[in-house]
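# Residue-level structural notes
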Amino acid sequence: MPFSPTKRQKKTVLGAGAVVLLAGLNAPAAVGFAEDQYHAYKISQPGYKAKYGSWNTVDVPEEFRTNAIHAALLHTGKVLIVAGSGNNQKNFDAGTFDTILWNPADNSFKKIPTPEDFFCSGHTQLADGRLLVAGGTARYEVLDGAVTRAGGLMRVKNESPDKEVTLAKGTVFRSPTGTKYVSRFDVKIPKAKRKFDISYTRSGAMKPWKTKVLAAEERVFVEAVEEGEASVTTKRAQYEIEGLRGKDADNVYGLTEKIDMEKQDFQGIRAAYEFDPVAEKYIQVDPMAKARWYPTLVTLQDGKVLAVSGLDEVGVVDPGDNEIYDPSTKKWKKGPFRYFPTYPALFLTKGGKLFYPASNAGYGPAEKGREPGLWDLEKNTFEKVPGLEDMDQTETSASLLLPPAQDQKVMILGGGGVGESEKSTARTAVIDLKEDDPEFRTGPQLPQGTRYLNSVIMPDDTVFTSGGSYDYRGRGASNILKAQFYDPEADRFFAAADPTVGRNYHSEALLLPDGRVATFGSDSLFGDKDNTKLGKFEQRMEVYTPPYLYRDKESRPQLGDGPREPDAQGRATFRTQDPSKIVKARLMRPSAVTHTTDVEQRSIALDLTKGRDSVTVTVPKDRTLVPPGWYMVFAVDGEGTPSAAKWIHVAK
């Protein structure tokens, strides 16, 4: 007889089938869970850590979590994490600006009062150990289709040679037809200049002086009072300023040529501050002459600072009006004129020239300022260099002065197309600036096309690279959870442990004094593969412990007591228990990094002599090689294991 199950047997069969069905449906999840469990087990093993290193997420109390846009290591060993408004329009509108000070030694945090919106500012290490922060955000962008009021540039003229004029935010400019526009920022217009025209008769007698007045001019962004297209104008006109009377009304007026409904970009500010690592506060200094958003600041061999590029007060890329800051006077002066896209990477080289490897972080036309070359600041000449592949994909690339700095080799890694391009490249290239006719030579490929790659010079002369994404701002769930080391001597990559947190736009990485690497930030445009959910700013911090810190801890080199400054010959002696194991020493400048741009970090090889219970290092006197400032000294053994750093100050 054929088998005929009872009711109870039917239930059992159906139950078993359901289990099989559910198991089949959940097989990928079960397999994924098992793989994750195995991976977690594998990366926790001592042998794995000794070969690849390890990652650990930092426990950050909720009140100190922030949108890390900028990060700088201070000579106190603490890390300054600057968010400003953190790419958050609500924070900007509320005037909520954020800076966090993190101490990696004890994982403590402190909020720092932040006087301006330093979101997308520039920063650099000053010779005395302070951090100069300049520029930032005056106004968030308004995209095409979202502009409701016509806006544009108003040139404000002052023809009075007797007094400067300040017009407050909200000043109304009225056109001859009665259309009104309102200024969105305060603007100060200097006095007009008197020019004396002196001439002579044929006999040599001086004629009576003639005086000309040259009007002073400043610019301010204005918006129409009324919404809609009626306030759009492309005609040049002179605008009266409401509230001015008599001579003031005659002398001060506005001029504009175009006010439209097109996209309005981010706009910069002129403010500049020094952050004091000892007092742990911002100190205001004279503002820049030009407003800047996305600028690069680089310390020069004399301790002065060059500020380059950025979007100005009306959202236009600066045409090349660069400035130089003097820390002794706290004032700015005009620098050499040269155009660069925003956040250009500029590295101080031996002899004082700046090398531009074509790395930048966006904003600027694709056909301008994209070629690499050497910039002579004194002559203001730019010598282009050949050999770089994928020239259309240098935006959002990483670049650095390879260790040791004496070799004068610069590397570029990855990058993408201009703007929101989907293009990304796995290309790396290295140039030797000591050659008579330097040119880029293509290096080993990254695992895949990578934008926003973070690259950190290590005390053992390798370069640690991690994160990034292969599409614009991590679009399409394109974060790359990979890390690797680059060995400059062998010209090859080798694997490191994979990070667990994705990093793309608005992410940073820097070397800590104990030899680890800290990573911050990430600002994905979308939160899913299909680009249907808005992304969320990544506030987790993750620290990478390199393989060299998993070697025998007892045999790790130790640097004991030593001076805070080298002597007149550049020498500094440090106590150590076993000088024989130390084979080299490195002088490493602390990072100040944002938008994959870190022109501060560099590693200098030091001459080394050994005593019975000490080592003496000698710092090169060439300030184009060793710009003035605070540095970390690392002693390194034959296996490449570094000591913890000792801080030393290199004077001008």
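Rules behind the numbers
- As a convention, each chain's residues are numbered from 1 in the sequence order in which they are written.
- Local features in a predicted model are, by the rule used here, given only for residues with pLDDT of at least 70; side-chain atom pairs are given and counted only at 80 or more, and totals for whole chains, interfaces and linings are based on all residues.
- Side-chain numbers come from the whole structure's heavy atoms, not from hydrogens or water.
- Under the scheme used here, helices are H or I runs from DSSP no shorter than 4 residues and strands are E runs no shorter than 2 residues, and both carry numbers assigned from the N terminus.
- Residue exposure (1.4 Å probe, protein chains only): buried if accessible area is under 20% of the type maximum, exposed if over 50%, otherwise partly exposed.
- Contacts are residue-level and defined by heavy atoms, with any inter-residue pair within 4.5 Å sufficient.
- Values of accessible area rely on a 1.4 Å probe in the Shrake-Rupley scheme; residue burial ignores everything except the protein chains shown.
- Under the convention used here, Asp and Glu are negative, Lys and Arg are positive, and both His and the chain ends fall outside the count.
- The atom standing in for a charge is NZ when the residue is Lys, CZ when it is Arg, CG when it is Asp and CD when it is Glu.
- Whether two strands pair depends on DSSP finding at least two bridges between them.
- Inter-axis angles, ranging from 0 to 180 degrees, are taken between N-to-C directions of lines fitted to C-alpha atoms, where helices are fitted over the stretch in contact.
- The salt bridge criterion pairs a side-chain nitrogen of Lys or Arg with a carboxyl oxygen of Asp or Glu, the two atoms within 4 Å.
- UniProt positions are given in the numbering used here, feature names are shortened, and annotations may be inferred rather than shown by experiment.

What the protein chain contains, in helices and strands, is 5 helices and 48 strands. Along the three orthogonal principal directions, the C-alpha set of the protein chain runs to about 125 × 85 × 45 Å. Counting over 652 residues, the protein chain shows a buried share of 54%. Of the contacts formed within the protein chain by residues at least 6 apart in sequence, a portion of 61% connects residues at least 24 apart. When the accessible surface of the protein chain is summed, it comes to about 29700 Å², and 50% of that surface belongs to carbon and sulfur atoms. Seen as two clouds, the 87 positive and the 87 negative side-chain charges of the protein chain have centres 2 Å apart.

Omega for the bond connecting P403 with P404 falls within 30 degrees of zero, at -15 degrees, which places this linkage in the cis form. Inspection of the secondary structure puts P404 in the loop between strand 31 (398-401) and strand 32 (409-413). One non-glycine residue, Q408, lies in positive phi territory at about 55 degrees. If you trace the backbone, Q408 turns up in the loop between strand 31 and strand 32. Of note in this structure, D461 is not a glycine but carries a positive phi near 75 degrees.

A separate point is the pairing of strand 23 (residues 296-299). Both faces of strand 23 are covered, namely the face carrying T296 and V298 and the face carrying L297 and T299. Taking the residues that link successive antiparallel strands as the turn, the strand 23-strand 24 (residues 305-308) hairpin has 5 residues, and the phi of G303 there is positive, at about 90 degrees.

Pairing between sheet strands relies on hydrogen bonds along the backbone, with the strands arranged either parallel or antiparallel. Within the open sheet, the 4 strands sit side by side as 31-32-33-34. Their pairing is antiparallel. The open sheet has two edge strands with one neighbour each: strand 31 and strand 34 (440-442). Each strand of the sheet is rotated relative to its neighbour by a mean of 20 degrees, with strand direction disregarded. In terms of strand pairing, strand 33 (residues 428-432) meets strand 34 through 3 bridges, oriented antiparallel.

Here we take up the environment of F92. Here F92 is to be found in helix 4 (residues 89-94). Residue classification places F92 among the buried positions, given a relative accessible area of 18%. With 45 residues separating them along the chain, F92 and T137 place their C-alpha atoms 8.7 Å apart. When residues no more than four places from it in sequence are discounted, the contact partners of F92 are S85, F97, D117, T137, A138, R139 and Y140.

Our focus in this paragraph is the pattern of salt bridges. Throughout the structure, instances matching the rule amount to 47 salt bridges. Of the charged contacts in the structure, one is a salt bridge between D162 and R194, with a shortest N-O distance of 3.1 Å. Residue D162 is located in the loop between strand 9 (151-158) and strand 10 (165-167), and its partner R194 is located in strand 14 (residues 193-197); the two are separated by 32 residues in the primary sequence. Between D514 and R516 there is a salt bridge, and its shortest N-O distance comes to 2.8 Å. Relative accessible area serves as the criterion here: at 25%, D514 is assigned to the partly exposed category. Bridged by salt links that share partners, the residues D128, R130, E274, D276 and K330 form one connected network.

As for its placement among the helices and strands, P499 is situated in the loop between strand 38 (492-495) and strand 39 (507-511). Those residues in contact with P499, other than ones at most four positions away along the chain, are W55, L481, K482, A483 and E542.

As a further point, take the UniProt feature "domain: Galactose oxidase-like Early set" (unreviewed entry) in the protein chain. According to UniProt, the "domain: Galactose oxidase-like Early set" (unreviewed entry) feature falls on residues 566-650. End-to-end, the C-alpha atoms of residues 566-650 are 7 Å apart, and along that stretch the chain is 0% helix and 51% strand.

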